Each structure stands twice: as structure tokens, then as C-alpha cells.
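So the chains spell out like this:
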Amino acid sequence: SKYLEIMSNCDICFMPLLNNSFNKCKSDLKALEAASFSLAILSNPVVYNQTFINGKTAKFFDNNHTLISILKNWAEDPNQVRELGMNAREYVLTNRMASQQVKIREEWYKNLWKRKDELRASLLQREPEFKL
């Protein structure tokens, strides 16, 4: 896709998110895609701080002063950008590949199936108009 083609020619992925309930429900997929291209992830901590580590696999800022400081440091030492990107890529390769998650997913689906009646009852209690 054009999106991935553009990303493959970048060094940094800037991904700030507003701290709201909608964004808190997002996955870290965009950060995983960026990391797979060895991009330095630059974001505020919303969502991405759950799986990426500040200063190791991503760089997080919580205000404009910190953001400017990070960018100045990177301009003075571009190796920080490359190192962060490589660390992020290594994290994805060693922890987030689908092949490493097959057993966990299989157990999760088996657990859902085993609890299907309980889960259905719980859903209908919360949302009675949602008849299954």
C-alpha cells in the first residue's frame, strides 16, 4: 500500500493521540507497523506506553517542552533515532510476531468457547435488546 511505501522511506513516526476514551480503546498496531520499518516512534504516552518502553523502543512526550527537547537531541545526534528504531524493530521481532502468539490465541478462543453461555448471558444483561 502507499501508506507502507511512504513509511518505508521515513526515519521517525510521529503519533500523538489525544488522551480520551476513544483513543484509549485503540490498539498499538500503528506503532507495530512503524517499528517493523525500524522507525523511531515519537508519541505521547496514550496507548503506546502499554507495550513500548520510553527511551528504549519509543520516545514519549507529555508537553511541548519535552517534545522540542527530544527533537533537538535527535537533530544533534541522529544515531539516537536509528538506535530507537532498531530497538523497536527488535521488540516486534522477538515479541509481537503472529507466529509467537498462536498458542496464546488458541487458548483464548478455547476459553471464550468454554464460557460462551456465561458471556452471552452477561451481554444480554448489559444490552437486553441485543438478542442472540
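None of these values were measured; they are calculated from a predicted model.

## Regarding the nonpolar core
Next, step 1: Ranked by internal contacts, the top residues of the largest apolar core, which has 19 residues, are Met15, Ala31, Ala34, Ala35, Ile41, Tyr48 and Phe52.
Next, step 2: Where this core is concerned, the elements lending two or more residues are helix 3 (29-36) and helix 5 (79-95).
Next, step 3: Among the elements that take part in this core, helix 3 stands out by supplying four residues, more than any other.
Next, step 4: Sequence-distant contacts of Ala34, defined by excluding residues within four places in its chain, comprise Met7, Cys13, Leu39 and Ile41.
Next, step 5: With eight residues, the next largest nonpolar core counts Ala40, Leu67, Ile70 and Val81 among its residues.

## Topic: helix 3
Next, step 1: Those residues of helix 3 that fall on the buried side of the exposure criterion are Ala31, Leu32, Glu33, Ala34 and Ala35.
Next, step 2: Taken together, the buried residues of helix 3 touch helix 1 (2-7), strand 1 (12-14), strand 2 (40-43) and helix 5.
Next, step 3: Count one or two residues on from helix 3 and you reach Ser38, which has phi positive near 60°.

## Observations regarding the packing of helix 3 against helix 5
Next, step 1: Look at helix 3 against helix 5: their axes get within 7 Å of each other, and the N-to-C directions meet at 110°. Classified by the interaxial angle, the pair formed by helix 3 and helix 5 is roughly perpendicular. Two packed elements cross with a definite hand, and for helix 3 against helix 5 that hand is left-handed. Contacts between helix 3 and helix 5 pair Leu32, Ala35 and Ser36 from the former with Gly85, Ala88, Arg89, Tyr91 and Val92 from the latter.
Next, step 2: Here the contact of helix 3 with helix 5 is built from residues that sort into five nonpolar, two polar and one charged.

Analysis parameters
Residues numbered from 1 in each chain as written. Predicted model: local features only at pLDDT ≥ 70, side-chain atom pairs only at ≥ 80, totals over all residues. Heavy atoms only, no water. Core = buried A, V, L, I, M, F, W, Y, C linked by side-chain atoms within 4.5 Å. Buried < 20%, exposed > 50% of the residue type's maximum accessible area, 1.4 Å probe, protein only. Helix = DSSP H or I, 4+ residues; strand = E, 2+ residues; numbered from the N terminus. Contact = heavy atoms within 4.5 Å. Axes fitted to C-alpha atoms, helices over the stretch in contact; angles between N-to-C directions. Parallel < 35°, antiparallel > 145°, perpendicular 65-115°, else oblique. Left-handed = near helix turned anticlockwise from the far one by under 90°. Nonpolar A, V, L, I, M, F, W, Y, C, P; charged D, E, K, R; others polar.

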